Amino acid sequence: MAKYLVIVESPAKVKTIKKFLGSNYEVMASNGHVRDLPKSQLGFSVENDYEPKYITIRGKGDILAALRKAAKKADKVYLATDPDREGEAISWHLSKALKLDDKKMRRITFNEITKTAVKASIKEAREIDLKLVDAQQTRRMLDRMVGYRISPVLWAKVKRGLSAGRVQSVALRIIGDREEEINAFIPEEYWTLEAQFAVKGEKKPLIAKFYGKKGQRINIHSKGELDEILKNLEGASYEVDEVKKGERTKKAPFPFTTSTLQQEASKVLNFSTQKTMRLAQQLYEGIDIKGNGTVGVITYLRTDSTRISDEAQKAAQEYITEQYGEEYTKVTEKKDSNKKKIQDAHEAIRPTDITRTPISLKESLTRDQFRLYQLIWKRFTASQMQPAKYETISVKIKGGEYYFTTSASKLKFDGFMAVYVQEDDEKSDKTVLTKGLDETSELTFEKFNEQQHFTQPPAHYTEATLVKTLEELGIGRPSTYAPTITTIIARRYVAKENKNLYMTEIGEVVNNIMKTSFPSIVDVHFTATMEELLDSIAEGLIEWKTVIRNFYPDLDEAVKTAEKELEEVKIEDEVTDVICEQCGRNMVIKYGPHGKFLACPGFPECRNTKPYLEKIGVPCPICGKEVVMRRSKKGRRYYGCENNPECEFMSWQKPSKEKCPNCGGYMVEKGNKLVCANEQCGFVKIQPKDKVEEA
């Protein structure tokens, strides 16, 4: 009979861990959290000093009954939930729900599901870390306060079913701020100039870029400035002024953290953050490998550490030396013991066994599991290899008072790039320079290549760049990035098109309310400070209730003010002059998942609906009919002709009635300016403040 009970979170781990521990151990799963704050109420009372009230999660009664029965029979109970704050809290809740005796209960954690790690964790069993539990409890309560107090305000003022969240509302604001930047962006003209030379004794021409004067870079802003430079260069003779040869190294990347894995999987594999985390969870919990049974093939997936264990480092060095040669193996660096530990019980995300190559697992993995495992394996292997080395050459060419430059690099030693090449490496310098080029080389000028360009607005956020920004700003933690992004897309606050994230109409309404009535909740620095406070609780530097006591009264006040002062946002049931052709009633504006549409008020007898075309009072620049605001399928706003598809006019920016005084074309609104839609024209006019406010 089993003497010991091990409780894990996920049923997927049960079989694997049981196999590692043998017949004296019973392994059971809690299926995640077993207790939580009640759904029907806030879950704590201010009068009772914010003491949380936990209840058993619906549907978990049978699981808890089975666990209680097994725990009574066991000599010792090991709580083996995930190795992070959330896991620590689940262990604590289990200990309370099962009424476990402190003497027979121990907490164990392992960073990877391998025989060595699981067996070692039993030897290093410890008590539950209540500081980590407090940090998780504080996060849960802060999230509950924001969600449960602000969401009803949105329901009352906008539409039922909307929600606010401590992290999701900041993420929405970040996307909204970027959209405003893009909408207000005015392209600026600039020119580039290249000179093509024949080099005596060489077949290929040499192309050099215009630099400026000696020690002074000159940017060319207009055709006039370019013509002035070309005029000064008429009849100039050209000579090689300087040739510099050198070497540069490109360091291997760090192994993956949760954030960098999500970013790279998005860029390289086109995975959403949610998909990446789902696949990584499967690889961590265990894969059926032919001949080996179920094995966890990567370490724990929620981490912000790039640390690697000594054993993993040693195994990597042996593998790389054997497969690639000693010159490819990175010498272990001395560690900086003063470096701040961030959840540093964790390692980076790496394969549990480097000799388990992606190709050897291909038959045991699904296509997407294989692609993600291959990415993790290559990145980790590369991180333990020598830098790549390049030979570099840069050349300065003098013509009159001006200088042209060109440079190139050639890979001399591939190092880590033998295993792992990032997108940026593939796009690197393709310039080929002639080998025999030096200060005595004779140049013959052949021609100039001149090109007009316009500066580009900041890029729309993608899931990858949003994760990167959230991490850089200190908002959220590895476990929160994917659910945050999933929530704002699922709520249709944000639309995702071709990887880019765009604000929808409902997203704009919610974001504006949050900025007006709850500025601190959507303040980037405030949210980052809250994350630091949670870290301080986990380190035992602050008492958790102090954070709650300081936070809740301000939130309570803001909610009460918003309930009184916020005007209702009317986005449904507005009667229009459009007549329903089926029953003759005046159709009303309704709000659906993709924005506004027209519906017959006679529903359910009359189910007629049609697209709602919101006129903006501007004639179409092509055919003269009305310009209307439309939405793409995903909810992104644009402006088109009501006569579509016969008339193809379309603009992402709102057109103006005013014509451009320069070229007669139509103008668009960008922030407080009117800008000619024709980039070649470039006319800009600042609008009076009252006009902007009307708009």
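Before any of the text, the structure's been laid out above.
Residues numbered from 1 in each chain as written. Predicted model: local features only at pLDDT ≥ 70, side-chain atom pairs only at ≥ 80, totals over all residues. Heavy atoms only, no water.

Caption draft 1: Main features of helix H14 (residues 463-473). Of all the residues in H14, the buried ones are Glu 463, Ala 464, Leu 466, Val 467, Thr 469 and Leu 470. Elements that come into contact with the buried residues of H14 comprise helix H6 (168-184), helix H8 (258-269), helix H9 (273-285), helix H15 (481-490), strand S16 (494-497) and strand S17 (500-503). Just past H14, the residue Gly 474 takes up positive phi, approximately 75°. (Buried < 20%, exposed > 50% of the residue type's maximum accessible area, 1.4 Å probe, protein only. Helix = DSSP H or I, 4+ residues; strand = E, 2+ residues; numbered from the N terminus. Contact = heavy atoms within 4.5 Å.)

Caption draft 2: Representation of the sheet that holds strand S27 (residues 666-670) in the model. With antiparallel pairing, the four strands of this open sheet are ordered in space as S26-S27-S28-S29. Because the sheet does not close on itself, it has two edges, and the strands there are strand S26 (655-659) and strand S29 (684-686). The average angle at which neighbouring strand axes cross in this sheet is 35°, direction not considered. (Pairing = 2+ DSSP bridges. Axes fitted to C-alpha atoms, helices over the stretch in contact; angles between N-to-C directions.)

Caption draft 3: How the structure looks around the pairing of strand S14 (residues 402-413). Judged from the three bridges that link them, strand S8 (residues 206-213) and S14 form a sheet pairing that is antiparallel. Considered in S14, the bridge of Gly 212 is made with Tyr 403. Note that strand S13 (residues 388-399) and S14 share eleven bridges and pair antiparallel. Along S14, the bridge assignment pairs Lys 398 with Tyr 403. Counting the residues in the hairpin turn of S13 and S14 gives two residues, including Gly 400, whose phi is positive at 60°.

Caption draft 4: Just the packing of H6 against H14, in detail. Relative orientation of the contacting elements H6 and H14 amounts to 115°, with a least axis distance of 11 Å. Compared by their axis directions, H6 and H14 come out roughly perpendicular. When the axes of H6 and H14 are compared, the crossing they make is right-handed. Along the contact surface, H6 presents Ala 171, Ile 174 and Ile 175, while H14 presents Leu 466, Thr 469, Leu 470 and Leu 473. Looking at side-chain class alone, the contact of H6 with H14 contains six nonpolar, one polar and no charged residues. (Parallel < 35°, antiparallel > 145°, perpendicular 65-115°, else oblique. Left-handed = near helix turned anticlockwise from the far one by under 90°. Nonpolar A, V, L, I, M, F, W, Y, C, P; charged D, E, K, R; others polar.)

Caption draft 5: A look at a negative patch on the surface. A cluster of acidic residues, Glu 239, Asp 241, Asp 438 and Glu 439, forms a negative patch on the protein surface. The topology assignment puts Glu 439 in the loop between helix H13 (423-426) and strand S15 (443-454). Looking at Glu 439, the relative accessible area reads 43%, which means it is partly exposed. (Patch = residues over 30% accessible without salt bridge, like charges linked within 9 Å, V, L, I, M, F, W, Y side chains within 5 Å. Areas by Shrake-Rupley, 256 points an atom, 1.4 Å probe, with all protein chains shown as cover. Salt bridge = Lys/Arg side-chain N within 4 Å of Asp/Glu carboxyl O. Lys, Arg positive; Asp, Glu negative; His and termini not counted. Charge placed at Lys NZ, Arg CZ, Asp CG, Glu CD.)

Caption draft 6: Structural detail: the environment of Leu 598. Structurally, Leu 598 is set in strand S20 (residues 595-599). A C-alpha to C-alpha distance of 5.6 Å links Leu 598 and Val 588, two positions ten residues apart in sequence.

Caption draft 7: Broad picture of the packing of aromatic side chains. Under the definition given, this model contains 22 aromatic pairs. Aromatic pair Phe 44 and Tyr 50: ring centres 6.0 Å apart, planes at 45°, arrangement tilted. Taking the relative accessible area as the measure of exposure, Phe 44 reaches 10% and is therefore buried. The class for Tyr 50 is buried, based on a relative accessible area of 6%. On the numbers, 5.4 Å between centres and 25° between planes, the contact of Tyr 238 with Phe 445 is stacked. (Phe/Tyr/Trp six-rings, centres within 6.5 Å; stacked < 30°, edge-to-face > 60°.)

Caption draft 8: Expanded view of the packing of H9 against helix H12 (residues 367-383). Two elements in contact, H9 and H12, have axes separated by 10 Å at closest approach and are oriented at 85°. One way to sum up the angle between H9 and H12 is to call them roughly perpendicular. Residues Lys 275, Thr 276, Leu 279, Ala 280, Gln 282 and Leu 283 of H9 form the contact with H12, whose participating residues are Asp 368, Gln 369, Leu 372 and Tyr 373. Counted by class, the contact of H9 with H12 contains five nonpolar, three polar and two charged residues.

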